[in-house]
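Listed below are the residues making up each chain.
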Amino acid sequence: MNKLILILAIFGTTITVRSQKTISGQVLEKDTNTPLLGVSVLVKGTNTGTTTDFDGNYTLANLSGDDILQFSFIGYTSKEVALEDRNTINVFLEINAEEMDEVVVTALNIQRNKESLGYSISQVSAGEVNVARENNVMNSLSGKVSGLQITQSNTGVDGSSRVLLRGITTINGNNRPLVVVDGIPISNSSGGAGGSGGIDRGDDLSDINPDDVESISVLKGAGAAAAYGSLGMNGVILITTKSGTKKDGVGISFNSSFSFIDVALTPDFQNEYGAGAFGDFAPINADGRPVLDYPFSWSWGPRMEGQQYTNWLGKQESYSPNPTGNPYKEFYQTGFTISNSLAFEGKNDKGSFRLAITDEDGQGIVGNNTLAKQTFSLRGSSKLTDNFIVDGKMAYITSKVKNRPQLAEGSGNTALQLSLMPRDIRLEDVRNNTVNAFGEEIKWNLDNTFNNPYWALDNAGNVDEKDHFQGFISANWEIDDKFNITAKSGMDYIITDFISYGATGAQAVQNGLGAYNHDNDKSNIWNSDILGTYSTNISDINITLSLGANYRNEYSSYKNISGNDAKVPNFYRISNYKNSFSSEGISKKAIYSYYALGQFGYGGFLYFDATLRNDNSSALPQANNSYWYHSENMGLLFTKLLGINPNILSLGKLRGSFAKVGNDTSPYRTQAVYNVDQTVTLPYTVASISGSLPSFDLRPETSESWEIGADIGFLKNRITLDVTYYKTNTTDQIMAVPISGTTAYSSKVINAGEIENKGIEAQLNVIPFESENFSWDIGFNFTKSNSKVITLNEGLESISLGSLWTASVEARPGQEFGTIYGNDFLRDNFGRKIIGNDGLAKRGDRIALGNINPDWYGGFTNKIRYKNFSLSSLISVQAGGEYYSYGRGYRLFFGTDERSLVGRENGIIEEGINEFTGFENDNATSALLKQFTDIFSNQIATDIILDATNVKLREVALTFDFPKNILRETFIQSASLSAVGRNLLFLYNAAGDIDPEATYSSGPASTAFEHSSLPSTRSYGLNLKINF
Amino acid sequence: MQTIYKVISKTAAVAVLGVLFLSCEGHLEDLYDNPNAVTEIDDAALFTKAVRSLYQGTTDNGSSHFAGMYAHYYVAGSTWRAPDQYGDGHDQDYNSIMNEGYSGTIRHIEEVLELTSKPGTQNNVRYALANIIAVLGYAKITDGYGDVPYTEGGKGKSQDILLPKYDPQESIYKDLIMRLTNSIGTLKTADPAMAYPDSDPIYNNDLEKWVRFANSVRLRLAMRLRYVDAGLSRSTVSQCLSEPLMETPEHDAYMIETEGTGNAWFNRRTGFPSIKMSAFLINQMQVTNDPRLTVFVGQDSNGQFSGIVNGLTDQAFGNSNFANLSDMGLALSSPESKLYIMNAAETWLLRAEAALAYDEDPVQANILYRKGIEVSFNQWEVDATEITNFMGSTIANLSGINDEEQIGVQMWLALIPNFFEGWSHIRRTGYPVIPVRTSDDLSTGATNGIMPTRFMYSSFELGANSTNVQEAISRQGANKIDTKVWWDKN
């Protein structure tokens, strides 16, 4: 209601009388004389104005000689010209790189002046993602945008990344923001393995070619994203790709990068004790080899002093430390990425086009893990008539990734093997002894999980191929200068083909029988929009009203065939397997929506936006399948309103936003069905019921969010500060709550629970120096985001969001989302451990031991330019947050970790109180028993909860722009060469030898767990850009 | 004229919008249905699923990872043997064992019970058969944990009960027996065409065998009550004896599971974690020259029968030469090996115990005891001369001194490979006597070296169904692995 009063108040303005005069002219780009389309021509102090047409022409009537015209356009310095007695005014506008930030791409690809927005938005330009290039463009955003948290998992080339905008709002959803490329929402699911193993097949965001990116807008809150409906609930990342409209004539640009990838961080290994247990060698088996079962296959043997012993292969050998202290450095190699991109672009008065080809090849630190990816994209627009433009794009991305590495507890995880193998084993022996005379894998430990890493390298693998089509066609009909209709239809179509196999002879692979698996998946997201926009000025009020409709269709299907028991060795086709199985499934969902948008601007200092949208989803029961949401945003430029001297306080804006968003769910959760089972055991029909109970009256979930913020600029915007406080409450969450197994079901889909997510974001930019030859630009961004579980379903104490071994990350009422639970030591009232007579600590209760959420995180960027050199760096910071490292736990009780050296010779006297006497414990126990009992037998998590605080030098780029005077004689228009490095080193890492980002998946709670991750990597290389 | 055009165009616009809206609504409805499954099915398919789950349950986590080692049949290799050390750090296992119990047999048989008692699909015969399967499913769960949800258990779908209350084991057992009695009553006079002519993996719709089976299960449950409710036990036993029981291996309830790479025992003999047979078991059979030794136990690498001692400490285990010891016998651990939920031998031995306990008739008990041994030999196709030899030995006759123990030991052997039942049997009768672990080489775990007597309620269950499970704990005793279930008095 208050808003309404304010609007009414704004109408109360006076109207001045003017003399009649008509002005026309042309607006051109300075230097190139290119006509500029869409330049805003405004009569100063009024809202009267127009925009230039395709030839840069404009006409304005009803003016007086006292009027001043303001010419402004995205990316150009604005210009003011007094009319005086002229009737024609031609204007040349100069390109202004700094002005670029002022106009941003907002929801539905509407370009707007950042000043007018009532919500927080961050824009990242092409240079920030395509110089220090990453295979996954999202990784380049890490640390650069407040509110955006990117965690790049350590899962081999083309791995997935965890992407969160303003933290977590829903318990069951993947919480990933919507990614929209050129107006078409694309597939964005997380990837990764589970704690028990598997591989990370990457996410589809890695198919966005950094070389094709023009700009990236990050719409952080629901207020900014409400036009996307429920899809935008977790914020939106809008990617605009290059369209060829910036070039005149025919231009060619070439971008080439090469970088090395090498191992940056490995666990600290001890190199003093080898295989055995309790300080002794393992007993020797009948086959002459030592007992390879626990604990003798661990590194708790005698000190390695060159004495003779029987090694793991049964050979007499000198028992001495490994010459190379670190098996990772020996096993993993230096990988590389090479990328070449060639783009042809052009533009004339009838249209524009851009054709680009990118080829990317890479090899990971595991030698057979390779990537080959080609991207072809064609973008063109044509002006069919004066007021009708068609635009279209087709991109085809084809990629082939070989041998994505196995992760976590997976039997083929090379890092797991290398980190646990007894320290006396020489990797050379392992490499040279993979298969025995019977064709069986030669193992160092008989457990299925622990294997010969070279056997896996030689005999197990996978091929992941993807064909990805993205495209759209759109038409824009400008009916008159006030009314405009745009229609757009686009799709994101992905076909993947995945084969994995394992040879015969390894127990871990189907008991030695060999295995084969072939998946074929298709997914298609098809979006169609029609949007009519009417703009007008009523007095000082600038009004834009839009009505739109959207139809979205999601389709996915899978087919799987798998087999075991190979007939012929090393042949991987389904016909070669004695047992074969198959399965298939499809999933379809449609949503159609209607929406209305309104923007009101008053006097250049007050802006108000509203959105109203109705979605209808096939995933919800008919009675509840239609739902509404709305958003209201307001921006007030108080510096303009109050007439504050712009030389000191150059920008002052207060903004506020409120949004209510609904959300549906994945299909088929509201119907009770029977599955028909495939079986060879029984000749009868066998049917089964899924463990997840459906809900027959599921309602959409609702999230209400508001944010307030300020944008302040000092000294001609040499210092700018952008601060936002936000709060989102998501209620009626649709979730599959885990229920007691005694119901005969494992979960039930319900509407329940509430999560409150709130936080503060700030971005500060300072330009201490700026001159023609030298400039220095410093940026800080800061985010503090907390998600608290207010309620869960009644009677439900906790929902597990994931678990590893016996630690779990949970949502519990009253607690922070993502609290890590695990067994603690048994303690007395003073917190002292209770120790048994055997000198071992006792297991206590399961308690909260940490939380995945950082206290805050942020980035610090520096850009220094001196003449033709520029140096940029990015340091990212995460303060606080914890994770559970079962990798370290394993290394501790296997005795390979440096920390396991404590108490080797004389035992460990655990600090604590004897359980019977109440006195200080003085019974020693062996270090082996302590580690094994605490971590494995008693499953105590306390000692392997690690602090995730870290400061990382994430990016450094040194660029040399070739001087124009050198290039003048050549056909090259511009060229630059950069030396770039990414993830170079930790400036601080609380956990020491483990990368807190080294997760094995990219789901919302994935940062809770580390398990024998591949070593984290850094990359460094060169990037060359040439424009012809 | 113009107004007419306006009306027409407005009507057309409304009509187009209307059609658009309706077709959208229709489109959403079309997509609503799950294309990967069906919404209606003959309950026969669910019955088959439930029955199959019951057999698969004989190799599940609770049976193979815990009961088989607790009952000293074998020891698994590597860290998989941890339960053999009597520890209680198995929270996830305790949860998965309970879930497996309810999600396989119970989930599907509850649906069958629902369908066969509902107007339209009502069928008394099928309902009676389903009850037998439900009884077996619930009996195993309560035997493992003690008090468990029963009247409200397994009703997540049929009655929307998400926080089921726990029932005392006593009331569960009484109801299970009653359900069997009702089923037997129905099935004696039932028309097989009304049963499962094409969906019965146990007896191929032979209702006479089903009656024997149900009655034998009732006998098993009745004897379970021997030490806690002798009155009900005795009266139920006499009821059982008045109806046909399982008598020959033809009456055995078995199934062969060949899915995937074969049944669990085959996989554990050929792969990881390898299982080696218990020294306790091998010793028992060697001392008595039991011909089933070669059936149950494979030869070691020296052509001998050598077993692994249960409960070794980590250090002692390392020195045990584990890898070279005797595997499980091929008859038990081949892809075509049968999985049993009940056999005739067990029935004879239950009758022998009943004769001794309730009829105080050692002569009859001895006849039944010998019958039990012989039927077990027949089940495993032991050579006729070997049968004759063994039946002539002293062990094949009750001595009158330790008859209970003799019957108990034979029962333990006859139950193989139904290891879960073997563990329940030892808990109830105390036979064979599993020695308390005192040697330095042996782990005493969380029980001071005494064989664990139940599974713990998992921390997940304690969180997910807190009030009800706490009530059960306060009634039953501490949530520990050495708390005894209601029927366990030995």
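Definitions and limits used
- Residues numbered from 1 in each chain as written.
- Chains lettered and ligands numbered in written order.
- Predicted model: local features only at pLDDT ≥ 70, side-chain atom pairs only at ≥ 80, totals over all residues.
- Heavy atoms only, no water.
- Phe/Tyr/Trp six-rings, centres within 6.5 Å; stacked < 30°, edge-to-face > 60°.
- Helix = DSSP H or I, 4+ residues; strand = E, 2+ residues; numbered from the N terminus.
- Buried < 20%, exposed > 50% of the residue type's maximum accessible area, 1.4 Å probe, protein only.
- Pairing = 2+ DSSP bridges.
- Axes fitted to C-alpha atoms, helices over the stretch in contact; angles between N-to-C directions.
- Contact = heavy atoms within 4.5 Å.
- Nonpolar A, V, L, I, M, F, W, Y, C, P; charged D, E, K, R; others polar.
- Domains from an automatic or database assignment.
- Buried area = accessible area lost by both parts, 1.4 Å probe.
- Salt bridge = Lys/Arg side-chain N within 4 Å of Asp/Glu carboxyl O.

**Student:** Got a minute to help me understand the packing of aromatic side chains in this structure?
**Tutor:** Here a ring pair, both rings aromatic, is described through the centre-centre distance and the interplanar angle of the planes. Residue and element names in this part refer to chain A. The full count for this structure, using the stated rule, is 81 aromatic pairs over all chains. Here the aromatic rings of tryptophan 444 and phenylalanine 894 are separated by 6.5 Å at their centres, their planes lie at 70 degrees, and the arrangement is edge-to-face. With tryptophan 444 in the loop between helix H6 (427–432) and helix H7 (453–459) and phenylalanine 894 in the loop between helix H9 (886–893) and strand E47 (908–909), the pair connects residues that are 450 residues apart, well separated along the chain. Since its relative accessible area comes to 1%, phenylalanine 894 is described here as buried. Relative to phenylalanine 1028, the ring of phenylalanine 971 has its centre 5.6 Å away and its plane inclined at 20 degrees; by these criteria the two rings are stacked.

**Student:** Can you walk me through the pairing of strand E28 (residues 577–602) of chain A in this structure?
**Tutor:** As a general feature of sheets, a regular strand has side chains that alternate between the two faces. Residue and element names in this part refer to chain A. Sheet topology places strand E27 (residues 541–566) next to E28; 25 bridges connect them, and they run antiparallel. Bridging across to E28, isoleucine 541 finds its partner in tyrosine 602. Relative to strand E29 (residues 606–617), E28 runs antiparallel, the two sharing 12 bridges. Bridge pairing links leucine 597 to threonine 611 in E29. Between E28 and the antiparallel strand that follows it, E29, lie 3 residues; glycine 603 among them carries a positive phi value of about 60 degrees.

**Student:** Where do I start with the packing of helix H7 (residues 207–224) of chain B against helix H17 (residues 419–429) of chain B in this structure?
**Tutor:** In a pair of packed helices, the angle between the axes and the distance between the axes together describe the arrangement. Residues and elements named next belong to chain B. Between H7 and H17, the shortest axis-to-axis distance is 11 Å and the interhelical angle comes to 35 degrees. Contacts between H7 and H17 involve Arg220, Met223 and Arg224 from the former and Glu421, Ser424 and Arg428 from the latter. Among the residues making up the contact of H7 with H17, the classes are represented as 1 nonpolar, 1 polar and 4 charged.

**Student:** Explain the domain arrangement of chain B to me, please; I cannot follow it from the model alone.
**Tutor:** How big an interface is tends to be stated in terms of accessible area lost as the parts join. Residues and elements named next belong to chain B. What the domain assignment lists for chain B is domain 1 (14–248 + 453–476) and domain 2 (274–333). The centre of domain 1, based on its C-alpha atoms, is set 33 Å off from the matching centre of domain 2. Of the residues lining the interface, 11 residues belong to domain 1; the matching set on domain 2 comes to 17 residues. Surface buried jointly by domain 1 and domain 2 totals about 1100 Å² across both partners, of which 58% is contributed by carbon and sulfur atoms. For the domain 1 face of the interface with domain 2, the top three residues by lost area are His72, Val75 and Arg81, together amounting to 46%. When the shortest N-O distance is used, the salt bridge between arginine 81 and aspartate 314 registers 3.4 Å.

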